[in-house]
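# Structural features, examined
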Amino acid sequence: MLPACQRVVRPRALARYASTSTKEKFRVLVVGAGSGGLAVANQIYNRFKAAGKPLNAGDVVVLDAADYHYYQPGWTLVAAGLGPKTDTRRPLASLFPPHIVHIAENVKSFYPESSSVMTTSGRTISYDSLVVAAGMKTNWDGIAGLPQALADPSSGVSSIYSYDTCDKVWHDVDALRSGKAIFTQPAGVIKCGGAPQKIMWMAWHRYQKSGRGNNIKIDFMTGTPSMFSVKKYSDVLSALRIERGIGAEFQHDLISIDTANRKATFKKVDGSTVDRDFTLLHVAPPMGPLDFIKASPIADPAGWVEVDQATLRHVKPEFGNIFALGDCSSLPTSKTIAAITSQAPVLTENLFSVMDTGKVSGAKYDGYTSCPLLTGYGELMLAEFKYGLVPKETFANYLGDQTKPRRLFYHLKKDLFPWAYWSRMVNGKWFGPSGPFRPKFDIKEL
C-alpha cells in the first residue's frame, strides 16, 4: 500500500558508478532501479535461494545510471510541510546488496530476438530472462510555460511531481494569504491518480487551521471526468469537496501558463479553451511511456511493455523470457508503488517457474493497487481496488468502510509506509497488503 521512483542522471554518474562487472551475459537482467526494479531484483534472487536452487552472486544485474533513488510518495508529505525532502532520497549505489550487480548505464535499445539490450554507451548485454521496470516519463514540456514557471521562485507555480519542486509547493502554500489557488490534474495516465488532490486537501486544511480559509478560493481543475476513478471513493470525495466549498471543473485540461499575467489556460473536451486567473497554481504534468520503450518491439501501440495482466509475462510467445511491472507496463491498473508491491511477487514466481520448468506458475495478479488519499492533517481515506475498479479493502472487515477518513490511515502514510519502503521494500521484503509475509501461490504450472 505504498507511486514509483524518478531517476535523475548527472554527467558524473557514469564516472562515479563504474560498471561493477565486465560480464556481457546474465541470468536475469532488470532494466531500471526504481521501486519495481530494486524490489523484484532482490525477490528473484531470494526466490531461487528459497527453492534450493540459488543463483550465483552476479547472476542478477540491474541497469540504471541514476545518482539517486527517490521515494516519491514522500514528496506529498514534503509539500505539506511534514518533513525535509532529503528524507525522500538515497544514493542509488548504496541500495544494492553485494550479490546483485549494478551497471550504471541506461538501456537505449531492446533486441528481444537475441535476448539482449544495448546501453547508451553502445555496450551489448545478454540475458536469459529480462524484467523491464523502467518507470514512465513526466512530460514537463507538455504544458506551455510550465518549465519556466517552475524555475521562477516568484511564479506561484509548483508541483509535487519532482524532488526539485516539491518543497516549492510548501513554500507557496504556506506563503499564500489570500487569492485564488488552483490545483490541476491532466487527462490520461499519471503516477498515482489521487496525488494531485491530496495536496489540495492538505492546503485547504492548512488554510482553515491558520484562519485564511475565507480569504482563499480553492478550485480543482481536472482533465478527468470525476474526482476519482473508482465510483465508491469518487462519490465521497465529491461530497467532501462540496462540503468544504472547493470548486471544480471536470474535463478541463491545463495546456499553458502565462506567469506574467497569472493566467492558466485549459482545454475542454469540445476543443474550446478557457482562461483562469490564479495566485497559486499547483500542476500535475502530463505523463506517458518512455521514448526508448515506445520505439521498441516489446511495446504495445500505446508505448507500454505489453504483458499479460495476470502473469506479467510478455504476451508474445516469442518474447516469453520477458516480464514487466510498474509504471512502464501495460497492466490496466493505477500506477502506484502499492501496485508494485503486489505485482513483484507474482512476477517473481512466474519468472522463477519459467526459468525452472519452462512454464508460468499459478501465480496471478488481480490488479490490486492503492491510493492513500490524504484529506487533511491527521486524516486519510485509504482507497484500495483491483481490476475493474472494484474495491479490495484490507481493513474493511476490522474498521468498516474505508471511505471514512481515519487517523490510523494517516499514520500509515506518514510513518509506516516510508519506514517499510526503505527498510523492507527496496530489499525485496515487503509485499503490500500481506506486509513482510510473502504471499503463497498455487504452484501448479499453467
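Residues numbered from 1 in each chain as written. Predicted model: local features only at pLDDT ≥ 70, side-chain atom pairs only at ≥ 80, totals over all residues. Heavy atoms only, no water.

### Some thoughts on the packing of aromatic side chains
The geometry of an aromatic ring pair comes down to the distance between the two centres and the angle between the two planes. Operational definition: Two aromatic rings from Phe, Tyr or Trp, using only the six-membered ring of Trp, form a pair when their centres are within 6.5 Å; if the ring planes differ by under 30 degrees the pair is stacked, by over 60 it is edge-to-face, and anything between is tilted. Charges are assigned to positions over rings by a cutoff of 6 Å between ring centre and Lys NZ or Arg CZ, combined with an angular limit of 35 degrees from the ring normal.
Applying the stated criterion across every chain yields a total of 11 aromatic pairs. Aromatic ring contacts, followed pair by pair, group Tyr68, Tyr70, Trp75 and Tyr163 into a single cluster. Geometry around Tyr68 places Arg89 over its ring, the cationic atom sitting 3.8 Å from the centre. The ring of Trp304 has Lys335 lying over it, and the distance from NZ or CZ to the ring centre is 4.2 Å.

### Quick look at the pairing of strand 8 (residues 124-132)
What counts, and what does not: At least two DSSP bridges between two strands are required for those strands to pair. Runs of E in the DSSP output that reach at least two residues are strands. Runs of H or I that reach at least four are helices, and both are numbered from the N terminus.
Where strand 1 (residues 25-31) lies against strand 8, 6 bridges are found, and the strand directions are parallel. In the strand pairing of strand 8, Leu29 is matched with Leu130. Two strands pair when backbone bridges link them, and strand 7 (residues 116-119) and strand 8 are joined in this way by 3 bridges, in the antiparallel orientation. Bridge assignment links Val117 to a residue of strand 8, and that residue is Ile125. Counting the residues between successive antiparallel strands, the hairpin from strand 7 to strand 8 contains 4 residues, one of them, Gly122, with a positive phi of roughly 95°. Note that strand 8 and strand 19 (residues 322-324) share 3 bridges and pair parallel. Bridged to Val131 within strand 19 is Phe323.

### Notes on the sheet that holds strand 15 (residues 263-268)
Convention followed: Axes, fitted as lines to C-alpha atoms, cover a helix only where it is in contact. Angles between the N-to-C directions of the axes lie from 0 to 180 degrees.
Strand order across the open sheet formed by 3 strands is 14-15-16, with antiparallel pairing between neighbours. Two strands close off the open sheet at either side, each with one partner strand: strand 14 (252-258) and strand 16 (273-277). With strand direction ignored, the average angle separating the axes of adjacent strands in the sheet is 30°. By the bridge criterion, 5 bridges tie strand 15 to strand 16 in an arrangement that is antiparallel. When the bridges of strand 16 are listed, Thr265 appears paired with Asp275.

### Looking at unusual backbone geometry
As a reminder, the rule being used: Only protein chains enter the accessibility calculation, which uses a 1.4 Å probe. A residue is then buried if its area is under 20% of the maximum for its type, exposed if over 50%, and partly exposed in between.
At Cys192, a residue that is not glycine, the phi angle is positive and equals roughly 45°. Even without being glycine, Gln251 reaches a positive phi, approximately 55°. By the element assignment, Gln251 lies in the loop between strand 13 (247-250) and strand 14. On the accessibility criterion, Gln251 (33% relative accessible area) is partly exposed.

### A short note on the sheet that holds strand 20 (residues 369-376)
Where strands meet in a sheet, backbone hydrogen bonds hold them as pairs that are either parallel or antiparallel. Across the sheet, which stays open at both edges, the 3 strands sit in the order 20-21-22 with antiparallel pairing between neighbours. Looking at which strands have only one partner, the edges of the open sheet turn out to be strand 20 and strand 22 (390-391). Relative to strand 21 (residues 379-386), strand 20 is paired through 7 bridges, and the arrangement is antiparallel. Looking at strand 21, one finds that Cys371 is bridged to Ala383.

### With respect to the pairing of strand 1
The criterion, for reference: Crossovers are described as right-handed under a simple rule: with the strands pointing away from the observer, the path leading from the first strand over the helix to the second runs clockwise.
Taking burial as the measure, the 7 residues of strand 1 include 5 buried ones, the bulk of the element. Judged from the 4 bridges that link them, strand 1 and strand 2 (residues 60-63) form a sheet pairing that is parallel. Bridge pairing links Leu29 to Val61 in strand 2. Handedness of the β-α-β unit built from strand 1, helix 2 (residues 35-50) and strand 2 comes out right-handed.

### Here's the deal with the packing of helix 2 against helix 9 (residues 337-357)
The condition is simple: Crossing handedness: left-handed means the near helix sits turned counterclockwise from the far one by under a right angle, and right-handed means the same turn made clockwise. Contacts are assigned to residue pairs with any non-hydrogen atoms lying within 4.5 Å of each other. Three classes are used, and their members are as follows: Ala, Val, Leu, Ile, Met, Phe, Trp, Tyr, Cys and Pro are nonpolar, Asp, Glu, Lys and Arg are charged, and the others, Gly among them, are polar.
Their axes nearest at 9 Å, the elements helix 2 and helix 9 cross at an angle of 40°. Like other packed secondary-structure pairs, helix 2 and helix 9 cross with a definite hand, here right-handed. The residues of helix 9 that touch helix 2, namely those facing Ser35, Gly36, Val40, Gln43, Ile44, Arg47 and Phe48, are Ile337, Ile340, Ala344, Pro345, Leu347, Thr348, Glu349, Leu351, Phe352 and Met355. Along the lines of polarity and charge, the residues of the contact of helix 2 with helix 9 split into 11 nonpolar, 4 polar and 2 charged.

### Side note on the environment of Thr279
Within the secondary structure, Thr279 sits in the loop between strand 16 and strand 17 (280-282). For the pair Thr279 and Ser330, spaced 51 residues apart in sequence, the C-alpha to C-alpha distance is 38 Å. Each residue touching Thr279, except ones within four places of it in the same chain, is listed here: Gly156, Leu176, Ser178, Gly179, Lys180 and Arg262.

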